[in-house]
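Chain by chain, the residues run as shown.
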Amino acid sequence: MSAAPPLLPWLVAPLERAAALRAHALLIHGPEGVGQFELALALAQHGLCEAESGPRPCGQCAGCRLLASRAHPDLRVLAPAALRDALGAAAAAGDDEADDGAVKAAKAKPSREIRVDEVRQAIDWTRTTATRGRGKVLMLHPAQAMNTVAANALLKTLEEPPAGVRLLLTCADPDALLPTIRSRCQRIALALPARDAAMAWLQSQGVAGADVLLAAAGGRPQEVLALRADGFDAERWQRVPGAVARGDAGVFAGCSVERVVDVLHKLAHDLLVVGAGAAPRFFSAGSLPGGASMPALAAWAKTLQRVARHAEHPWHAPLLIESLVAQGRGCFTTSAPRGRAGTATLAAR
């Protein structure tokens, strides 16, 4: 079996800090796309490594190899069904209850929540004896995906976990969690990596135009890979502002509604800050067309926020994207639509 991939370079120091804490419940938080899941997984590997001497994790012992293949019986990962394929974080091997749940979930749209029954099954799992004698690790990623009932079900275990059990929670914003969850965890905060470190890593991954895409991703290196997976290279990204100003929705061919809304929201942000005399964050200044109406841009941004809040709605994607781009184009004309104009065409199936 192959060893786990190298740790992201900006996570080396946080891993050392987290390992030194020896906390039974740890909350890893920071911007999405900087390695919260990877740090939690590396910390789990550190605790489950079976090396008798030398640095840990060793990457070579049976425990490390099992974890690298996502088959370690003493590691359990709770993540929304909608994220599991992307994470490669299936339930622990031999977990028949989790497998049955996955089969049932496959018949419906993948959930974006960590459900209470999953949490209760995981709590029962923590009470059983560790298979390989190094303790157990329960990961919840992202912890804010727990609904209120699921979060409350976890409280007692967070406060008094069984001997040898460590809980690792990740989230983007601790304030999104119940105060009772936060108060039971020690914290490791992740920041955006230094630009030079992020650029070096992206170039090692073969990303062309890394400077453009890193800005597009708000400085989050892993988000660059997600953008590229959605078909955005540097050239396509730079074409977006002009295409929207012309009302050309073709620049978003093949994109999900969620991705389009994210890109348009970034464009609206940059056009607004440039109109206020500040520098853009996501697009180069030279790619941004001039002459946009500030009130129309503000109304467009509100429409995008409203759509983003209802990402799970069964939108008719092509019509929705065309409508949002049309409202963006309207920001560059004297007859720009009002804040709620055009929403009737945001058609649902």
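Residues numbered from 1 in each chain as written. Predicted model: local features only at pLDDT ≥ 70, side-chain atom pairs only at ≥ 80, totals over all residues. Heavy atoms only, no water.

### Comments concerning the sheet that holds strand E4 (residues 165–171)
The strand order E2-E3-E4-E1-E5 describes an open sheet built from five strands, whose pairing is parallel. With one partner strand each, in any of the chains shown, strand E2 (75–78) and strand E5 (186–189) form the two edges of the open sheet. The sheet shows a mean angle of 20° between the axes of neighbouring strands, taken without regard to direction. With four bridges joining them, E2 and strand E3 (residues 136–140) adopt parallel strand pairing. What sits directly across from Leu-78, in E3, is Leu-140. Packed on one face of the sheet, helix H2 (residues 36–48) meets strand E1 (25–29), E2, E3, E4 and E5 and runs near 170° to E4. (Pairing = 2+ DSSP bridges. Helix = DSSP H or I, 4+ residues; strand = E, 2+ residues; numbered from the N terminus. Axes fitted to C-alpha atoms, helices over the stretch in contact; angles between N-to-C directions. Contact = heavy atoms within 4.5 Å.)

### Section: helix H11 (residues 221–229)
Residues of H11 that are buried include every one of Pro-221, Glu-223, Val-224 and Leu-227, and no others. Burial along H11 is one-sided: seen end-on, the buried residues are contained in an arc of 150°. Of the surrounding elements, those touching the buried residues of H11 are helix H9 (195–204), helix H10 (210–216), helix H12 (234–246) and helix H13 (257–275). With its phi angle positive at about 95°, Gly-231 sits one or two positions after the end of H11. (Buried < 20%, exposed > 50% of the residue type's maximum accessible area, 1.4 Å probe, protein only. Arc of directions from axis to C-beta.)

### So, the packing of H12 against helix H15 (residues 317–330)
It is at 6 Å that the axes of H12 and H15 come closest, and there the two elements cross at 85°. With respect to their mutual orientation, H12 and H15 come out roughly perpendicular. For the pair H12 and H15, contact is made by Val-244, Ala-245 and Arg-246 and by Val-325, Gly-328 and Arg-329, respectively. Residues of the contact of H12 with H15, tallied by class, amount to three nonpolar, one polar and two charged. (Parallel < 35°, antiparallel > 145°, perpendicular 65-115°, else oblique. Nonpolar A, V, L, I, M, F, W, Y, C, P; charged D, E, K, R; others polar.)

### So, the packing of aromatic side chains
With the rule as written, the count across this model stands at three aromatic pairs. With 5.5 Å between their ring centres and 85° between their planes, Trp-10 and Trp-201 make a pair best called edge-to-face. Of this pair, Trp-10 sits in the segment before helix H1 (12–21) while Trp-201 sits in helix H9, and the two are 191 residues apart along the sequence. Across this residue pair, the class does not change: Trp-10 and Trp-201 are buried. Summarising the aromatic geometry, the rings of Trp-237 and Phe-283 are spaced 4.5 Å apart at their centres and angled 10° between planes, so their arrangement reads as stacked. You can see Trp-237 sitting in helix H12 and its partner Phe-283 sitting in the loop between H13 and helix H14 (294–308), a full 46 residues away along the chain. (Phe/Tyr/Trp six-rings, centres within 6.5 Å; stacked < 30°, edge-to-face > 60°.)

### Observations regarding the nonpolar core
With 72 residues, the main nonpolar core has Leu-75, Met-139, Trp-237, Val-240, Phe-252, Leu-264 and Trp-300 as its most contacted residues. Formed by 26 residues, the second largest nonpolar core is a distinct cluster that contains Leu-140, Ala-150, Leu-154 and Val-165. (Core = buried A, V, L, I, M, F, W, Y, C linked by side-chain atoms within 4.5 Å.)

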